[in-house]
Amino acid sequence: LNLPAAKKRVAPHFAMHWGHTVPKTTLFDELGNTSTLTVYAGALFEQIGAEPPPNSWAAEASNAVQIATLEMNPGASVRLPPTAPRAHRTLYVYAGSDVQIGERALSCPVAVEVLPDAEIPILAGRGSVKLLMLSGVPIQWSLVSCTMKWSPVWEVKPPIFFLFWAEMERVS
């Protein structure tokens, strides 16, 4: 995450978040179908992610930063609760065959920006579905832009498919 100008020169921070310490819970819908929620940052369904770096954008609760994955079994439904009205919330459906988000039936893979201040119904289709949710209030600090010279560095397992190197240039 980017930092506001006032925090650009703070001391670096490092923390290891081991898999067994990341909050994970099973959600049940009204028909008994299950979904597994993993919260990496922020709070969702009473699960609280790891403590963010002290000077990061995520450290301020009013910025409503949430990073979570949702693994839904076939036919399972989940209703994402509203978040801060100023937040941007994007759902990346990266595995599965089909999903319904709100009133829209979609084929996977797909990325959908959803309203932050509304409850969002999600329904898995014929097979299981995996989603990554990124949400937060935009930082409003333009610093660098990326050229389109992307080079894959190595492949890793979902939800992150590739790590990339990009040439960065300063924006005046």
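Use the structure listed above.
Okay, so let's go over this structure. Because the structure is a prediction, the values reported are computed rather than measured.

Digging into the overall build of the protein
Line of reasoning, step 1. Helix and strand counts for the protein stand at zero helices and 16 strands.
Line of reasoning, step 2. Residues counted as buried form 32% of the 172 residues belonging to the protein.
Line of reasoning, step 3. Roughly 11,100 Å² of accessible area belongs to the protein as shown, and the carbon and sulfur atoms make up 58% of that amount.

A short note on the side chain of Gln66
Line of reasoning, step 1. For Gln66, the location among the structural elements is in strand E5 (residues 66–72).
Line of reasoning, step 2. One polar contact links the side chain of Gln66 to the main-chain carbonyl oxygen of Ala43, over a distance of 2.7 Å.
Line of reasoning, step 3. Excluding anything up to four places from it in sequence, Gln66 contacts Ala41, Gly42, Ala43, Leu44, Thr83, Arg89, Met133, Leu134 and Ser135.

Some remarks on the nonpolar core
Line of reasoning, step 1. Core analysis: the largest hydrophobic core is formed by 24 residues, its most contacted members being Leu70, Met72, Leu91, Val99, Ile101, Ile122 and Leu131.
Line of reasoning, step 2. For this core, the secondary structure elements donating two or more residues are strand E2 (34–41), E5, strand E6 (77–80), strand E7 (88–95), strand E8 (98–101), strand E10 (110–114), strand E11 (120–124) and strand E12 (129–136).
Line of reasoning, step 3. With near-sequence residues (within four places) excluded, Ile101 lies in contact with Leu91, Val93, Leu106, Val112, Val114, Ile120, Pro121 and Ile122.

Some words on the sheet that holds E10
Line of reasoning, step 1. Pairing within the open sheet is antiparallel, and its six strands lie in the order E1-E2-E5-E12-E7-E10. Looking at which strands have only one partner, the edges of the open sheet turn out to be strand E1 (24–28) and E10. Each strand of the sheet is rotated relative to its neighbour by a mean of 20°, with strand direction disregarded.
Line of reasoning, step 2. Bridge count between E1 and E2: five bridges; the pairing is antiparallel. Within the sheet, the bridge partner assigned to Thr25 lies in E2 and is Leu37.

Topic: the environment of Ala50
Line of reasoning, step 1. Checked against the element boundaries, Ala50 lands in the loop between strand E4 (47–48) and E5.
Line of reasoning, step 2. Residue classification places Ala50 among the partly exposed positions, given a relative accessible area of 28%.
Line of reasoning, step 3. A sequence separation of 11 residues divides Ala50 from Val39, and the C-alpha atoms of the two residues are 8.1 Å apart.
Line of reasoning, step 4. In contact with Ala50, not counting residues within four places along its chain, are His17 and Tyr40.

Looking at the sheet that holds strand E9 (residues 104–107)
Hydrogen bonding along the main chain pairs the strands of a sheet, whether they run parallel or antiparallel.
Line of reasoning, step 1. Read from one edge to the other, the open sheet built from four strands follows the order E6-E11-E8-E9, with strand pairing classed as antiparallel. Only two strands of the sheet have a single partner each, and these edge strands are E6 and E9. Neighbour-to-neighbour, the strand axes of the sheet open up by a mean angle of 20°, direction not taken into account.

Digging into the pairing of E6
Line of reasoning, step 1. Burial of E6 is one-sided: the residues Val78 and Leu80 facing one way are buried, the residues Ser77 and Arg79 facing the other way are not.
Line of reasoning, step 2. Taken together, the four bridges between E6 and E11 define a ladder with antiparallel strand orientation. The partner of Val78 across the bridge, within E11, is Ile122.

Structural notes on the pairing of E9
Regular strands show a simple pattern: their side chains alternate between the two faces of the sheet.
Line of reasoning, step 1. As paired strands, E8 and E9 are joined by four bridges and run antiparallel to one another. In the strand pairing of E9, Gln100 is matched with Ala105.
Line of reasoning, step 2. Counting the residues in the hairpin turn of E8 and E9 gives two residues, including Gly102, whose phi is positive at 65°.

Procedures and definitions
- Residues numbered from 1 in each chain as written.
- Predicted model: local features only at pLDDT ≥ 70, side-chain atom pairs only at ≥ 80, totals over all residues.
- Heavy atoms only, no water.
- Helix = DSSP H or I, 4+ residues; strand = E, 2+ residues; numbered from the N terminus.
- Buried < 20%, exposed > 50% of the residue type's maximum accessible area, 1.4 Å probe, protein only.
- Areas by Shrake-Rupley, 256 points an atom, 1.4 Å probe, with all protein chains shown as cover.
- Polar contact = N/O pair within 3.5 Å; in protein donor to acceptor, adjacent residues only side chain to side chain.
- Contact = heavy atoms within 4.5 Å.
- Core = buried A, V, L, I, M, F, W, Y, C linked by side-chain atoms within 4.5 Å.
- Pairing = 2+ DSSP bridges.
- Axes fitted to C-alpha atoms, helices over the stretch in contact; angles between N-to-C directions.

Purely spatial values, then, with no claim about function.
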